[in-house]
Amino acid sequence: MLQELQEIVNRVAADIGVPTSLTDTRLNSLVFGPHDDEEIDAVRRQALLRRSTPDWVREWFGRYGIETATAPVRIPADPEQGLAGRVVVPVRWAQATYGYICLLDARYELDESRLDAVVEAASEAGHILHSDRQDRHSDADLLSDLVRGTAAARDKAAARLGEQGRSPVGWPVAALFLQLVEGADGTDALERWLWRDSGALPRGALRCLDDDGAVVLIPVPVGEEAAHAVRIAEQVRGSYQDASTLVVGVGEAQSDVRDAHLSYQHARLAAHAATVWPQTGPVCSWDALGALRALIATPENLLGAVLDPRVERLRRDQPRDLINTLETYLDSGCDIQATAAQLHVHRGTVYYRLGRAAAACGLDLGDGMDRLALHLGIKLMRLIDSTAV
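Analysis parameters
Residues numbered from 1 in each chain as written. Predicted model: local features only at pLDDT ≥ 70, side-chain atom pairs only at ≥ 80, totals over all residues. Heavy atoms only, no water. Patch = residues over 30% accessible without salt bridge, like charges linked within 9 Å, V, L, I, M, F, W, Y side chains within 5 Å. Areas by Shrake-Rupley, 256 points an atom, 1.4 Å probe, with all protein chains shown as cover. Salt bridge = Lys/Arg side-chain N within 4 Å of Asp/Glu carboxyl O. Helix = DSSP H or I, 4+ residues; strand = E, 2+ residues; numbered from the N terminus. Buried < 20%, exposed > 50% of the residue type's maximum accessible area, 1.4 Å probe, protein only. Contact = heavy atoms within 4.5 Å. Core = buried A, V, L, I, M, F, W, Y, C linked by side-chain atoms within 4.5 Å. Pairing = 2+ DSSP bridges. Axes fitted to C-alpha atoms, helices over the stretch in contact; angles between N-to-C directions. Phe/Tyr/Trp six-rings, centres within 6.5 Å; stacked < 30°, edge-to-face > 60°. Expected span 1.5 Å × (residues − 1). Parallel < 35°, antiparallel > 145°, perpendicular 65-115°, else oblique. Nonpolar A, V, L, I, M, F, W, Y, C, P; charged D, E, K, R; others polar.

**Student:** Help me out: how do you make sense of a nonpolar patch on the surface in this one?
**Tutor:** There is a patch of nonpolar side chains on the surface, built from Met369, Leu372 and Leu376 and spanning about 280 Å² of accessible area. By the secondary structure assignment, Leu376 is in helix H15 (residues 368-387). For Leu376, a relative accessible area of 31% corresponds to the partly exposed category.

**Student:** For this particular structure, what's the right way to read the environment of Tyr329?
**Tutor:** Following the sequence through the fold, Tyr329 ends up in helix H12 (residues 320-331). Separated by 226 residues in the primary sequence, Tyr329 and Leu103 have C-alpha atoms spaced 60 Å apart. Ignoring any residue separated from it by four or fewer positions in sequence, one finds Tyr329 in contact with Cys334, Asp335, Ile336, Thr339, Leu354 and Leu365.

**Student:** Explain the environment of Gln164 to me, please; I cannot follow it from the model alone.
**Tutor:** Here Gln164 is to be found in helix H5 (residues 151-164). By relative accessible area, which is 38% here, Gln164 ends up partly exposed. Sequence separation between Gln164 and Ala270 is 106 residues; the distance between their C-alpha atoms is 30 Å. Ignoring anything within four residues of it in the chain, the contact list for Gln164 reads Ser138 and Leu142.

**Student:** Can you walk me through the nonpolar core in this structure?
**Tutor:** In globular proteins that are soluble, nonpolar side chains generally tend to be buried together. Among the nonpolar cores identified, the biggest contains 54 residues, and Leu146, Leu217, Trp277, Leu289, Leu326 and Leu374 are the most heavily contacted of them. For this core, the element with the highest residue contribution is helix H8 (residues 260-276), accounting for 8 residues. One finds Trp193, Ala214, Val236 and Val283 within the second-largest nonpolar core, a separate group that totals 24 residues.

**Student:** What's the story with the pairing of strand E4 (residues 86-93) in this structure? I'm lost.
**Tutor:** Residues in a regular strand point their side chains to alternate faces of the sheet. Buried residues dominate E4, accounting for 6 of its 8 residues. Bridge count for strand E3 (residues 73-75) against E4 is 3 bridges, and the pairing is antiparallel. Looking at E4, one finds that Arg74 is bridged to Val87. Bridge count between E4 and strand E5 (residues 96-104): 8 bridges; the pairing is antiparallel. Pairing of Pro90 across the sheet is with Tyr100, part of E5. Hairpin geometry of E4 and E5 is characterised by an intervening segment of 2 residues between the two adjacent antiparallel strands and by a positive phi of about 55 degrees at Ala94.

**Student:** Could you clarify how one ought to interpret the sheet that holds E5 in this entry?
**Tutor:** Pairing between the strands of a sheet is mediated by backbone hydrogen bonds and can be parallel or antiparallel. Here we have 5 strands laid out as an open sheet, ordered E2-E1-E5-E4-E3, and antiparallel in their pairing. Either end of the sheet is taken by a strand with one partner, and the two such strands are strand E2 (29-32) and E3. Adjacent strand axes in the sheet meet at a mean angle of 25 degrees, parallel and antiparallel pairs treated alike. Here strand E1 (residues 20-23) pairs with E5 via 4 bridges, running antiparallel. Bridging across to E5, Thr20 finds its partner in Leu103. Contacts from helix H4 (residues 116-148) reach E2, E4 and E5, with the element oriented near 45 degrees to E4.

**Student:** Even after reading the chapter, I still don't get unusual backbone geometry, so can you show me in this structure?
**Tutor:** Residues other than glycine predominantly adopt negative phi, and peptide bonds predominantly adopt the trans conformation. Here Gly281 and Pro282 are connected by a cis peptide whose omega angle stands at 5 degrees. Examined against the element boundaries, Pro282 turns out to sit in the loop between H8 and strand E10 (283-285). With a phi close to 70 degrees, Leu27 is a non-glycine residue in the positive phi region. Here the phi dihedral of His344 falls at roughly 60 degrees; this positive angle occurs in a residue that is not glycine.

**Student:** Help me understand the packing of aromatic side chains in this model?
**Tutor:** Note on aromatic pairs: each is described by the distance of the centres and the angle between the planes. A complete count under the given rule lists 1 aromatic pair for this structure. Where Trp60 meets Tyr64, the ring centres are 5.9 Å apart and the plane angle is 65 degrees; that geometry is what we call edge-to-face. Overall, the relative accessible area of 34% leaves Tyr64 in the partly exposed class.

**Student:** When you look at H12 in this model, what are you seeing that I'm missing?
**Tutor:** Each α-helix winds once per 3.6 residues, and so residues spaced three or four apart point in a common direction. Taking 1.5 Å per residue, 12 residues should reach 16 Å; H12 reaches 16 Å between its end C-alpha atoms and fits that length. Residues of H12 that are buried: Leu322, Ile323, Thr325, Leu326, Glu327, Thr328, Tyr329 and Leu330. Residues of H12 that are buried make contact with helix H11 (309-317), helix H13 (336-343), helix H14 (347-361) and H15. Where H12 ends, the next residue or the one after it, Gly333, has phi of about 75 degrees, a positive value.

**Student:** Would you mind showing me how to read the packing of H12 against H14 here?
**Tutor:** Between two packed helices, what matters for the description is the angle formed by their axes and the separation of those axes. At a minimum axis distance of 9 Å, the contact between H12 and H14 shows a crossing angle of 105 degrees. Relative to H14, the element H12 is oriented roughly perpendicular. Facing Asp321, Leu322, Thr325, Leu326 and Tyr329 of H12, the residues of H14 in contact are Val350, Arg353, Leu354, Arg356 and Ala357. When its residues are assigned to classes, the contact of H12 with H14 shows 6 nonpolar, 1 polar and 3 charged.

Given below as structure tokens:
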């Protein structure tokens, strides 16, 4: 789709001779035509870098009625904000607006006689975006039924998937859950990427937005399910425009697409685990979580009840550097040297902190069951802290 839209914009830019771009209805850029840097203004330059548009630009354009326009609209300049004049041509199909072709017209060179070809190109782009939206809704409905629907809805969705030939016959499926970390922008950018920039997805992948992220269902070859799913998840995250803001949970592969909901549940939990325990992520596989599965799957209302009271004393009364040292020590297999190196402290400091921790909670670090209680308890403490409002 993007290649087709790029060709349309390139053609318009060549015919009209001004910097040209195609945006969605929120004025976020989809594709840009070729231009020299000195030809564009500060707003276009920002759009090139961030592929998004500030709210004040939307408000400025909105004053001139672009939301309801069916014909080209001239947008005057705002020199104080670094905005040159533009002509905005609605991209429409089937009585709906899907975006805008924006022509940078700093010298007011464009009149109606030169815009006929742009209106025709806008209709062509509208048809493409209309088809894309139909495909998107079809994918979203199908995947939503597979991962969140009733048994009957799952059966029906699986039958439709088979009829469409969307997935290699006989291949298992695995769910990926894409979750933005705290402080990241909202899901608008994730949605745009998921449908327009996600070249890392394999043939047959289904996509939809979820409450706090996105779901991707991928076919995986028999015999290499776990490794293949993790590899795709790493490619997906690596192709996102700001990978540092995204974690990906990988669900356990299911041999029957009707069981995709199980993989989805695992993927959501794995993504949550990656945000709670960063050492498990940023791509976190349910298959690799081990004992942490039991913790991440514990209902939130029971977390406090299952926390060992001796670990609770540590959490309540001791400084975080002591707890961090204890956690690092247990994570490293009780290796003092490795703990000191990771924390950049002297071995003697590690021994001192461990002694303080043991005395504070009454647990014996030489006893296997006490170490287990501490290790799981600290991991559970991190989970409780992550759910605190």
